[in-house]
Protein chains: 2
Amino acid sequence: MDRGKLRRVMLALGAAVVAAGAAPAPRSMNDILAASPLGDWRAINPANTLVMELPTGRVVIELAPTFAPNAIANIKALVRAHYFDGAAIVRAQDNYVVQWSQSGHHAVGTAKSTITPEFDRAIGRDVDFTSLPDPDTYAPQTGFSNGFPVARDPAAERMWLTHCYGMVGVGRDVAANSGNGSELYAVIGQSPRNLDRNVTLVGRVVEGIELLSTLPRGTGPLGFYEKPSQRVPIESIRLASDLPTAQRPRLEALRTDSATFRALLAERRTRPDPWYKHTPAHIGVCNMPLPVRTAPRKA
Amino acid sequence: MDRGKLRRVMLALGAAVVAAGAAPAPRSMNDILAASPLGDWRAINPANTLVMELPTGRVVIELAPTFAPNAIANIKALVRAHYFDGAAIVRAQDNYVVQWSQSGHHAVGTAKSTITPEFDRAIGRDVDFTSLPDPDTYAPQTGFSNGFPVARDPAAERMWLTHCYGMVGVGRDVAANSGNGSELYAVIGQSPRNLDRNVTLVGRVVEGIELLSTLPRGTGPLGFYEKPSQRVPIESIRLASDLPTAQRPRLEALRTDSATFRALLAERRTRPDPWYKHTPAHIGVCNMPLPVRTAPRKA
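Every chain is numbered independently, its residues counted from 1 as its sequence is written. Chain A is the first chain written and ligand 1 is the first ligand written, with later ones labelled in order. The predicted nature of this model means local features are confined to residues of pLDDT at least 70 and side-chain atom pairs, given and counted, to a pLDDT of 80 or more, with totals for whole chains, interfaces and linings taken over all residues.

Peer 1: Requested: an account of the interface of chain B and chain A, with residues and values cited.
Peer 2: The interface of chain B with chain A comprises 52 residues on the first partner and 52 residues on the second. Elements are defined by DSSP. Helices are runs of H or I of four residues or more, strands are runs of E of two residues or more, and each kind is numbered from the N terminus. Secondary-structure elements contributing two or more residues to the side of chain B that touches chain A are α1 (3–19) and α4 (209–213) of chain B. Take the side of chain B that touches chain A: its biggest share by element is four residues, from α1 of chain B. Taken together, the residues of the side of chain B that touches chain A sort by class into 20 nonpolar, 17 polar and 15 charged. In this description, a residue-residue contact is defined by the distance between C-beta atoms placed from the backbone, which must lie within 7 Å. Nonpolar residues are Ala, Val, Leu, Ile, Met, Phe, Trp, Tyr, Cys and Pro. Charged residues are Asp, Glu, Lys and Arg, and all others, Gly as well, are polar.

Rendered as structure tokens:
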């Protein structure tokens, strides 16, 4: 019954079978990643990385300035004013989002109180796009751009980030321009794709999502914590490039325009693994892993 | 910035606006459910309900015998032999599944050690089907049957339960018939639809999913807990019909073949709410809420 244990045994056996001259076992995700050339990985830019310190550890968020330059400039201004120090996670709604904000008045530096929504952007030559072949429920086309899940409407020449697990967005009120990045949320459940093009998404959690996804759910409406004592304190949020070098996350992301990513996509779509009895032959934009690893130490 | 608070205020204002004679506000999900006739709800059958007792509370699972009669008969035999008393949650993989099993030898009653896989079934006249209008990534057709999310392949005349959040399935080894219901898992993240037609799904969590989704993630491969002390003990699993009446869950599910469900589907698809600036106009099978409520007390 221990499917995990058995599969690990099978993976371990794979190499021996190949050495004995039998047909090579199909390449697993781990095989593909292990064989990837260094150039198929990119360092995650510390100037576009947020580090959130919780009592339980670090949550690291990669920002996507190609999609939300104004919101991200505003968030950086708030972060540099230490706006989020002493903020709190105020909402954890099961199968939906975790949300954090500050209460009371705090320094905002050069941040603006409202910014233009960045719900989508033009399909431009400045952004790469690796397309997925399968239909999507919500958009004419989906795929990946610079490490992020995206959707496109070629007829309208627009593209946007999609609400997959771990994506981070700008909470807002009813007015489209009412979010300025001072209240953010992360997706912790089934992708709420209905929010696509309704919110400015700014990035995704690349480390520590489990610190958010395991938080006790709020029992108030929409998963808000009912008592201030239930809120989870945020010690600080910093731009990684503002941290001393030794404290910066050293993360690399697999390039989504790389041959390794294309091989991984083919493997995840077809699952050439004896465990699978029915080949899925399809994959959704929010089901594709976007691998991140700690950068190898330089010699 | 408090989107939740503001939306609650707006909902509260809605009634006043209507009373003053203005155009009626669009019906929200809460409005639709509040106006539902009693006949649009069905009591969840205690003979097809599992009650799992954890130290933190109860997890209630509705079984779907229309889709997996053999697996469910076997699970009921195990449950009636008290097989799961003292079992444990052994795996919690972020954005994927929580899994439980028993260790050592325990009474299995009349349960079989292997059973025929029930990965899909014939499209038959014995099952209702409420179709979704939008494309699905993984299947030719999706919708709902007797309260469960399903997919269909009309050309092959097959249908199957889909791996949405909260769905419960039978863990197995590489052999298709190796799962007998003695190891079960629940989905706690993005729907792993690649598992559809590869596993026998047997039901879904209708109460207490947050007790599973918030468990600390296992740090071993595939999210297995590395130390026995990290496992979460299961006090017992019982069939609700075997519990004293006062201890049975009194739950009702919205009928997915009802007018109320169709109205809810239209609302969730179009989101006629001033917060939405871009109408999704689409909905996925794993994004549709399947409402469950405590049955009103009889007078």
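Here the narrative resumes.
Peer 1: Hey, could you go over unusual backbone geometry for me, with residue numbers and the actual values?
Peer 2: All names here are of chain B. A positive phi angle, close to 65°, is found at Arg197, a residue other than glycine. Buried, partly exposed and exposed are defined by the number of other C-beta atoms within 10 Å of a residue's own C-beta, namely 20 or more, between the two limits, and 12 or fewer respectively, with C-beta atoms placed from the backbone. Judged by the 25 C-beta atoms lying within 10 Å of it, Arg197 falls in the buried class. Positive phi values are uncommon outside glycine, yet Arg271 reaches one of about 50°. For Arg271, the position within the fold is in the loop between α5 (259–270) and β17 (292–294).

Peer 1: Explain the sheet that holds strand β6 (residues 121–122) of chain A residue by residue, including any values.
Peer 2: Residues and elements named next belong to chain A. Strand order in the open sheet formed by five strands is β6-β10-β9-β8-β7, with antiparallel pairing between adjacent strands. The open sheet has two edge strands, β6 and β7 (130–131), and neither has a second partner. Only when DSSP finds a minimum of two bridges between them are two strands counted as paired. In the sheet, strand β8 (residues 141–145) pairs with strand β9 (residues 148–153) via five bridges, with the strands oriented antiparallel. From the neighbouring strand, Gly143 faces β9, where its bridge partner is Val150.

Peer 1: Just give me the short version of the environment of Ser113 of chain B, but keep the residues and values in it.
Peer 2: Residues and elements named next belong to chain B. By the secondary structure assignment, Ser113 is in the loop between β5 (97–101) and β6 (121–122). Take Ser113: there are 10 C-beta atoms within 10 Å of it, and that puts it in the exposed class. As a C-alpha pair, Ser113 and Arg238 span 125 residues in sequence and 20 Å in three-dimensional space.

Peer 1: Just give me the short version of helix α3 (residues 69–80) of chain A, but keep the residues and values in it.
Peer 2: Residue and element names in this part refer to chain A. A helix is expected to reach a length of 1.5 Å times the quantity of its residues less one. Taking 1.5 Å as the rise per residue, α3 with 12 residues should run 16 Å; its terminal C-alpha atoms sit 16 Å apart, in good agreement. Elements in contact with the buried residues of α3: β2 (49–54), β3 (57–63), β11 (167–170), β13 (201–207) and β15 (236–239). At the exit of α3 stands His82, carrying a positive phi of roughly 60°.

Peer 1: So what about the pairing of strand β16 (residues 251–254) of chain B? Which residues, and what values?
Peer 2: All names here are of chain B. Examined bridge by bridge, strand β1 (residues 41–43) and β16 share three bridges and lie antiparallel to one another. Its bridge partner lying in β16, Arg42 is registered against Ala253. Of the strand pairs in this sheet, β16 and β17 are connected by three bridges, and their pairing is antiparallel. Bridge assignment links Glu252 to a residue of β17, and that residue is Arg293.

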